[in-house]
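Listed below, chain by chain, are the residues.
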Amino acid sequence: VLLAITALGLAWPAVTHLHEQPPPPAPAVRATLSPPEGSEFGAGDVGLDAAISDNNTLAFVATNNGAAQLWLRPLDGDRAEMLPGTEGATMPAWKRGSGVIAFFAEGRLKQIALDDRIIRDLAPAPVPAGVAWLDDGSIVFSGARNSAITRMSQGISAAATRFSARSEEHTSEL
């Protein structure tokens, strides 16, 4: 009898869990996006150059009077805000959960923290080819075509891949 009562006590949470409703799916986000007045999306031949944060804020590049800069716009809003000091920006990438955007400008990899709006110079990148933040807070980027991908963590850079020009492939160094 004691065994039956114990088994029933242990089974009860499982049975009640089977009757729980799953959480509803996240609502769809629909937004109409127009460039800021007097601007056009992208820079030069690049069209929409943008990244969406995990709090539904869009960072994008728009050109106004020949100068490309980063802009911010909440997806549920209709006004965009220019980020001063980001002239020449391309390829924005959000750091998850932090309000920090990495981007390339003036042959460098840079970042801007939205809480203080200070732009920090991270590394040389004479020919930008891509940037992404990893979940551990490190950043990977390629600052030159046909070169190794670099991983930067806590200000220290190291090759994340080796590039073989003969085969045009990257080999992981991680």
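Preceding block: the structure.
Residues numbered from 1 in each chain as written. Predicted model: local features only at pLDDT ≥ 70, side-chain atom pairs only at ≥ 80, totals over all residues. Heavy atoms only, no water.

(A) Highlighting the packing of aromatic side chains. Evaluated as defined, the whole model comprises two aromatic pairs. One aromatic cluster in this structure is built from F41, F60 and W71. (Phe/Tyr/Trp six-rings, centres within 6.5 Å; stacked < 30°, edge-to-face > 60°.)

(B) Up close: the sheet that holds strand β13 (residues 156-159). Pairing is antiparallel across the open sheet formed by four strands, whose spatial order is β10-β11-β12-β13. In this open sheet, the two strands that pair with only one neighbour each are β10 (130-133) and β13. On average, each strand axis in the sheet is inclined to that of its neighbour by 20 degrees, with strand direction left out of account. Inspection of the sheet shows strand β12 (residues 150-153) paired to β13 by four bridges, in the antiparallel sense. Looking at β13, one finds that R151 is bridged to A158. (Pairing = 2+ DSSP bridges. Helix = DSSP H or I, 4+ residues; strand = E, 2+ residues; numbered from the N terminus. Axes fitted to C-alpha atoms, helices over the stretch in contact; angles between N-to-C directions.)

(C) Region of the structure containing the pattern of salt bridges. Applying the stated rule across the entire model yields six salt bridges. Across the pair R117 and E81 runs a salt bridge, and its minimum N-O distance is 2.7 Å. Note that R117 is positioned in the loop between β8 (108-113) and β9 (119-124) and E81 in strand β5 (residues 81-82), a separation of 36 residues in sequence. Looking at E81, the relative accessible area reads 37%, which means it is partly exposed. D121 serves as the salt-bridge partner of R108, at 3.0 Å between the closest nitrogen and oxygen. (Salt bridge = Lys/Arg side-chain N within 4 Å of Asp/Glu carboxyl O. Buried < 20%, exposed > 50% of the residue type's maximum accessible area, 1.4 Å probe, protein only.)

(D) Inspection of the sheet that holds β8 at higher detail. The strand order β6-β7-β8-β9 describes an open sheet built from four strands, whose pairing is antiparallel. Each edge of the open sheet carries a strand with a single partner, namely β6 (90-95) and β9. For this sheet, the mean angle separating the axes of adjacent strands, direction not counted, is 25 degrees. Where β8 meets β9, five bridges bridge the pair, whose relative direction is antiparallel. Within β9, the position partnered with I112 by the bridge is I119.

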